[in-house]
Amino acid sequence: MKKIKISAIVGSLRKDSFNRQLALAAKELIGDRAVFNLLEYQDIPLMNQDIEFPAPESVKRVREEVKSSDGIWFFTPEYNHFFPGVLKNLIDWLSRPVSDNEPQVLAGKPAAISGISPGMSGTGLAQDHLVTLISFLNMNVMNVPRLTIPNAMQQLDSDGKLLLKSSYPYLENQVNAFLDFIAKQM
Ligand code: FNR
């Protein structure tokens, strides 16, 4: 059987992003059970219908990555009780048909959502908004388990690296659940 491919979309462009570190921890836990591709999308322009067709090269690249993935795992920060604009911009690009005969690439893809924040919310509100959006785009959302990690500062080492002490088992649980969720649809 073909190896599962998961693309991780991190809703933060920050170099030391906690959410990026969370994605890398998930990658490590998955090990050789799946290909785990951290999608880089800093070069995607702001959506502007004047430049939509033909799609910019950066957009073509991320669309191909998503298209060839068996599952998409979102790792989102919370900005003002919402998910960040960079993530909305990326999803807006991905939500558009590639051409007259090729539909958008997100429809039907299994999706998981996680997030970590320094505050108390653990990104729960941002995740709820993201679920609304990706459900509208007909993604197949794994609603249970989702992972919300509050108080990130309590899980850092002295260099600011995320150790995921108490949250580790929950991430492990979500990794296993998402691999099962995807496998059932292949
Ligand atoms: C934040 N932050 C934040 N945190 C939170 O828990 N709830 C919120 O509503 C917000 N709002 C917010 C707005 C904006 C514009 C910024 C820049 C930040 C703090 C945020 O959670 C924190 O910066 C995280 O570290 C961002 O995630 P990454 O970059 O570490 O993955």
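To keep things clear, this report deals only with the structure shown in the data block. On a predicted model such as this, the values are computed, not experimentally measured, just so you know. Each chain carries its own residue numbering, running from 1 in the direction its sequence is written. Given that the model is predicted, a residue must reach a pLDDT of at least 70 before its local features are reported, and side-chain atom pairs must reach 80 or more before they are shown or counted; all residues, however, enter totals for whole chains, interfaces and linings. Side-chain metrics rest on all non-hydrogen atoms present in the structure, leaving aside hydrogens and water.

Let's shift gears to the site of the ligand. Around the ligand sit 13 residues in total, of which Ser 12, Arg 14, Ser 17, Asn 19 and Asn 80 are the nearest. Between N or O atoms, a polar contact is any pair within 3.5 Å; within protein, one atom must be a potential hydrogen donor and the other a potential acceptor, and residues adjacent in sequence are included only when both atoms are from side chains. In this structure, Asn 19 approaches the ligand through a side-chain N or O atom, which is 2.8 Å from an oxygen atom. A distance of 2.8 Å separates a nitrogen atom of the ligand from a polar atom in the backbone of Asn 80. Only the protein chains shown count as cover for residues, and all accessible areas are computed by the Shrake-Rupley method using a 1.4 Å probe. Burial of the ligand by the surrounding chains reaches 70%, relative to a free accessible area of 620 Å². Throughout, the ten residues Ala, Val, Leu, Ile, Met, Phe, Trp, Tyr, Cys and Pro are labelled nonpolar, Asp, Glu, Lys and Arg are labelled charged, and all others, Gly among them, are labelled polar. By residue class, the composition of the shell around the ligand is four nonpolar, seven polar and two charged. Whether a residue is near a molecule or strand is decided by its heavy atoms; if any one of them lies within 4 Å of it, the residue is near.

Turning our attention to helix α4 (residues 124-136). Helix numbers and strand numbers start at the N terminus; a helix is a DSSP run of H or I with at least 4 residues, a strand a run of E with at least 2. To estimate how far a helix should reach, multiply one less than its number of residues by 1.5 Å. With 13 residues, α4 extends 19 Å between its outermost C-alpha atoms, agreeing within 8% with the 18 Å of an ideal straight helix rising 1.5 Å per residue. Listed as buried for α4 are Gly 124, Ala 126, Gln 127, Leu 130, Val 131, Leu 133 and Ile 134. In this fold, the buried residues of α4 make contact with β3 (71-75), α3 (85-94), β4 (110-116), β5 (140-141) and β6 (147-149). Backbone geometry just downstream of α4 places Asn 138 in the positive-phi region, at approximately 70 degrees. Buried, partly exposed and exposed residues are distinguished by accessible area as a fraction of the type maximum, computed with a 1.4 Å probe on protein chains only: under 20%, between the cut-offs, and over 50%, respectively. Only heavy atoms enter the contact rule, under which two residues are in contact if any of them lie within 4.5 Å.

Attention now goes to the pairing of strand β2 (residues 34-38). Most of β2 sits inside the fold, with four of its five residues counted as buried. Handedness is read with the strands pointing away from the viewer; a crossover is right-handed when the path from the first strand over the helix to the second is clockwise. The parallel pair strand β1 (residues 4-10) and β2, bridged by helix α1 (residues 18-30), forms a crossover whose chirality is right-handed.

A cis amide bond links Phe 53 with the next residue in sequence, Pro 54, at an omega value of -5 degrees. With respect to the secondary-structure elements, Pro 54 resides in the loop between β2 and α2 (57-67). In this chain, Val 144 is followed by Pro 145 through a cis amide linkage whose omega measures -5 degrees. The topology assignment puts Pro 145 in the loop between β5 and β6. Within the chain, Asn 80 stands out as a residue other than glycine whose phi angle is a positive 50 degrees.

Now for the packing of α2 against α3. Axis definition: a line fit to C-alpha positions, over the contact stretch in the case of helices; interaxial angles, taken between N-to-C directions, run 0 to 180 degrees. Taken N-terminus to C-terminus, the directions of α2 and α3 make an angle of 80 degrees; their axes are 10 Å apart at the nearest point. Taken together, the axes of α2 and α3 are roughly perpendicular relative to one another. Of α3, the residues touching α2 (which contributes Val 59, Val 62, Arg 63 and Val 66) are Leu 90, Trp 93 and Leu 94. Of the residues belonging to the contact of α2 with α3, the class tally is six nonpolar, no polar and one charged. By the definition adopted for this analysis, an angle is roughly parallel if under 35 degrees, roughly antiparallel if over 145, roughly perpendicular if from 65 to 115, and oblique otherwise.

Further remarks concern the nonpolar core. Among the nonpolar cores identified, the biggest contains 30 residues, and Ile 6, Leu 22, Phe 36, Trp 73, Phe 75 and Leu 171 are the most heavily contacted of them. Every element with two or more residues in this core is listed here: β1, α1, β2, β3, β4, β6 and α5 (168-183). Element by element, the count of residues in this core is highest for α1, at seven residues. What Phe 36 contacts, discounting residues up to four positions off in sequence, is Ile 6, Ala 8, Ala 23, Ala 26, Lys 27, Ile 30, Trp 73 and Phe 75. Counting 28 residues, the second-largest nonpolar core is a separate cluster that includes Val 59, Val 62, Ile 72 and Ala 111. What makes a nonpolar core is a set of buried Ala, Val, Leu, Ile, Met, Phe, Trp, Tyr and Cys residues whose side-chain atoms join them at distances within 4.5 Å.

In what follows, salt bridge is the name for a side-chain nitrogen of Lys or Arg lying within 4 Å of a carboxyl oxygen of Asp or Glu. One pass over the structure, following the stated rule, counts ten salt bridges. The shortest N-O distance in the salt bridge between Lys 5 and Glu 65 comes to 3.0 Å. Residue Lys 5 is found in strand β1, and its partner Glu 65 is found in helix α2; the two are separated by 60 residues along the sequence. Lys 5 gets classed as buried once you look at its relative accessible area, which sits at 15%. Across the salt bridge formed by Lys 67 and Glu 102, the nearest N and O atoms sit 3.1 Å from each other. On the criterion of sequence distance, the pair formed by Lys 67 in helix α2 and Glu 102 in the loop between α3 and β4 is long-range, its members being 35 residues apart. Residue classification places Lys 67 among the partly exposed positions, given a relative accessible area of 41%.

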